[in-house]
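Listed below, chain by chain, are the residues.
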Amino acid sequence: MFRLEIDAADMASSRFAISPLRETLAAVGELAGAHLRADPFARRWLEARRPRFEHLRSRVPMLDVLAALQAGFEFHPRFLCPSSQGTHETAERQLETVRRTPPWQARAELDLHLAQRPHPMAPAMLATLSDPDVDFVAGLATALEAAWHELIRPDWPAIRAILQRDLQYRAGQLVTYGWASTMSGLSPDLLRWRAAGGNHLMEAPTRPHPEYHPPGGGGLLFGPTIFGYTEVSLEPPWHREVFYPPRGSAGLLESTPPQTGADPLAGLVGATRAHILRDLGRPATTTQLTYRHHLSLGAVGHQLSVLSAAGLVAGIRDGQSVIYHRTELGGALVAANTL
């Protein structure tokens, strides 16, 4: 039974954040078979990128070591995923922090991971990590950077949009119902949240070892993770973190169906605007549209402005985002010009 007691001061300094390297590490671990996700949408998305992963691991041997360090549900070396600074965190800043990790700290975290592993690491990997002539911190950072660029970065706008929508939902819950209700919905099957006098208790009844963490340890960093799993990390010197599955991961599989043959709607409004107008049968933000249509934010904004001026689309503000949808006129135009 895992129990974390949180007082008012802890709650006041808690916040939400997004971590690009968290998604990268989780994707590598999943594709290498280090752990199995239950989320079918994330699994299908990752399987479509398996050829990229296999090609990458043939070129970057340290990637297998990186994946092995994600095995199991015990301690994972924290230096590989520095705490995020907020909702606009970048992989570049996190990678720079990884590279600056003192060797003694990295070694201590590796030793703790190896001591808690459910299965021994392969001898060849152990030899690589213990070789005094190998800068394993630099090697792991290089593998992590390659995985980021090859697996996650091309689709980061869509991934980030899903994570941001989850944070917007949590923010609405927090303002309306308070911390207790918001935290209870993070991962209800694995984490429990209840009042304890004037404090709050977070409990994980499925954890194999009993743990109790008293209040006063500082704020928590809450972060949604599409490819990871529910995880609570409290090891110093890093920030205390709670990761949980976000809402809306089905959005990973969204794509714009290709149009073939002569398109009368494209002849009327232009090919790009026709594709966007058809796509807005599903309401979307500009960020989602940039991902689906491989356009810049400026290009999408211009096309939406033209469509809006013609009365074909309209937008509704939701927090910091604007969600666009087809108007009745836009829907009629699409229906009248569908092949």
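Described below are features of the structure shown in this document. (Residues numbered from 1 in each chain as written. Predicted model: local features only at pLDDT ≥ 70, side-chain atom pairs only at ≥ 80, totals over all residues. Heavy atoms only, no water.)

### A few points about the sheet that holds strand β5 (residues 211–213)
The mixed open sheet is built from four strands, whose spatial order is β3-β4-β1-β5. Edge positions in the open sheet fall to β3 (192–196) and β5, since each of these has one partner strand only. Each adjacent strand pair in this sheet contributes to an overall mean axis angle of 20°, direction not counted. (Pairing = 2+ DSSP bridges. Helix = DSSP H or I, 4+ residues; strand = E, 2+ residues; numbered from the N terminus. Axes fitted to C-alpha atoms, helices over the stretch in contact; angles between N-to-C directions.)

### Regarding the sheet that holds strand β7 (residues 231–233)
Strand order in this open sheet of four strands is β2-β6-β8-β7, and the pairing throughout is mixed. Looking along the sheet, the strands with just one partner apiece sit at the ends: β2 (15–16) and β7. For β7 and strand β8 (residues 240–244), the ladder comprises three bridges, and the chain directions are antiparallel. By the bridge assignment, Val232 is partnered in β8 with Val242.

### Description of the packing of helix α4 (residues 50–59) against helix α9 (residues 136–152)
At their nearest, the axes of α4 and α9 sit 10 Å apart, and the two run at 155° to each other. Comparing the axis directions of α4 and α9 gives the class roughly antiparallel. You can see that α4 and α9 cross each other, and the crossing is right-handed. Contact with α4, carried on its side by Arg52, Phe53, Leu56 and Arg59, involves Ala146, Ala147, Glu150 and Leu151 of α9 and no other residues of that element. Of the residues that constitute the contact of α4 with α9, the class distribution is five nonpolar, no polar and three charged. (Parallel < 35°, antiparallel > 145°, perpendicular 65-115°, else oblique. Left-handed = near helix turned anticlockwise from the far one by under 90°. Contact = heavy atoms within 4.5 Å. Nonpolar A, V, L, I, M, F, W, Y, C, P; charged D, E, K, R; others polar.)

### Describing the nonpolar core
Of all hydrophobic cores here, the largest spans 68 residues; its most connected members are Leu63, Phe79, Leu140, Ile152, Ile159, Phe222 and Phe227. The next biggest cluster of nonpolar side chains, apart from the first, holds 17 residues, and it includes Leu277, Ala284, Leu304 and Leu312. (Core = buried A, V, L, I, M, F, W, Y, C linked by side-chain atoms within 4.5 Å. Buried < 20%, exposed > 50% of the residue type's maximum accessible area, 1.4 Å probe, protein only.)

Function cannot be inferred from these measures alone, as they are strictly geometric.
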